[in-house]
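Inside the fold
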Amino acid sequence: MQQQKKSTTALGLLFGVLAVIFCAFYAFMGTKAAWSALAGGGASGVGQVYFLLKMRGSKRVLAPKAALRYFYRSEVLKIALTLSLLALLLSLFSLNLWVVFMTFVVMQCVSSFALLCFS
């Protein structure tokens, strides 16, 4: 139960940072940059949420080799989901590629270290 609370708090931090980044880009660089930031950070966030739900969803006990296979399969699916979402957003909308890339990297860094902040 405690671990689930930490995960929820980390996700709140992740989407809070995304909201701050969106507002900052909107205030200083305009609408296109803000939506580009939301697209890059949102794609990263959706991938992280999918992976977290996939890892928390398995309640069965697996052998170590099967557990590792499950982890790597979930990671590959997360990467495929994130890249396809980015490709879809970039093809549908006129976005600033540099802002999309910057916010994607920032959100990856925040999500990588968010759980460490609450342990």
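Because the structure is a prediction, the values reported are computed rather than measured.

What counts and how
- Residues numbered from 1 in each chain as written.
- Predicted model: local features only at pLDDT ≥ 70, side-chain atom pairs only at ≥ 80, totals over all residues.
- Heavy atoms only, no water.
- Helix = DSSP H or I, 4+ residues; strand = E, 2+ residues; numbered from the N terminus.
- Buried < 20%, exposed > 50% of the residue type's maximum accessible area, 1.4 Å probe, protein only.
- Contact = heavy atoms within 4.5 Å.
- Core = buried A, V, L, I, M, F, W, Y, C linked by side-chain atoms within 4.5 Å.
- Salt bridge = Lys/Arg side-chain N within 4 Å of Asp/Glu carboxyl O.
- Patch = residues over 30% accessible without salt bridge, like charges linked within 9 Å, V, L, I, M, F, W, Y side chains within 5 Å.
- Areas by Shrake-Rupley, 256 points an atom, 1.4 Å probe, with all protein chains shown as cover.
- Phe/Tyr/Trp six-rings, centres within 6.5 Å; stacked < 30°, edge-to-face > 60°.
- Lys NZ or Arg CZ within 6 Å of the ring centre and 35° of its normal.

Next up on the list: the overall build of the chain. In terms of helices and strands, the chain carries four helices and zero strands. Listing every helix and strand of the chain by position from the N terminus yields α-α-α-α. Residues classed as buried in the chain amount to 30% of the 119 residues present. A separation of at least 24 residues holds for 74% of the contacts in the chain among residues at least 6 apart in sequence.

A few words now on the nonpolar core. Counting residues in each nonpolar core, the largest one holds 10 residues, listed as Leu14, Leu18, Ile21, Phe25, Ala33, Ala34, Ala37, Val99, Met107 and Val110. Of all the secondary-structure elements, those providing two or more residues to this core are helix H1 (2–29), helix H2 (31–57) and helix H4 (97–117). The element best represented in this core is H1, accounting for four residues. Apart from residues lying up to four places away in sequence, phenylalanine 25 is in contact with Gly30, Ala33, Ala34, Ala37, Val99, Met102 and Thr103.

Right, let's talk about the pattern of salt bridges for a bit. Summed over all chains, the structure comprises one salt bridge. Ionic pairing is found between glutamate 75 and lysine 78, a salt bridge with its closest N-O pair at 3.2 Å. Taken as a pair, glutamate 75 and lysine 78 lie in helix H3 (residues 64–92) at a separation of three residues, close to a single helical turn. A relative accessible area of 9% means that lysine 78 is categorised as buried.

Turning our eyes to something else, we now look at the side chain of serine 36. You can see serine 36 is positioned in helix H2. Classification of serine 36 by relative accessible area gives buried; the value is 0%. Setting aside chain neighbours within four positions, we find serine 36 in contact with Leu95, Asn96, Val99, Val100 and Thr103.

We now examine a nonpolar patch on the surface. Among the surface-exposed residues, Leu68, Phe71 and Tyr72 lie close enough to one another that they form a single nonpolar patch of about 300 Å² accessible area. Structurally, leucine 68 can be placed in helix H3.

Within the secondary structure, threonine 103 sits in helix H4. Of the residues examined, threonine 103 reaches a relative accessible area of 2% and is grouped as buried. Setting aside residues no more than four positions away along its own chain, threonine 103 makes contact with Ile21, Phe25, Ser36, Ala37, Gly40 and Gly41.

Working definition: an aromatic ring pair is given by the centre-to-centre distance plus the angle between the planes. On inspection of all chains with the given rule, the structure shows four aromatic pairs. Judged by centre distance (6.1 Å) and plane angle (35°), the ring pair of tryptophan 98 and phenylalanine 101 falls under tilted. With tryptophan 98 and phenylalanine 101 both in helix H4 and three residues apart, the pair spans about one turn of that helix. Overall, the relative accessible area of 55% leaves tryptophan 98 in the exposed class. Judged by relative accessible area, which is 47%, phenylalanine 101 ranks as partly exposed. Chaining the aromatic ring pairs together yields one cluster made of Phe51, Phe71 and Tyr72. Here the basic side chain of lysine 78 rests over the ring of phenylalanine 51, its NZ or CZ set 5.4 Å away from the ring centre.

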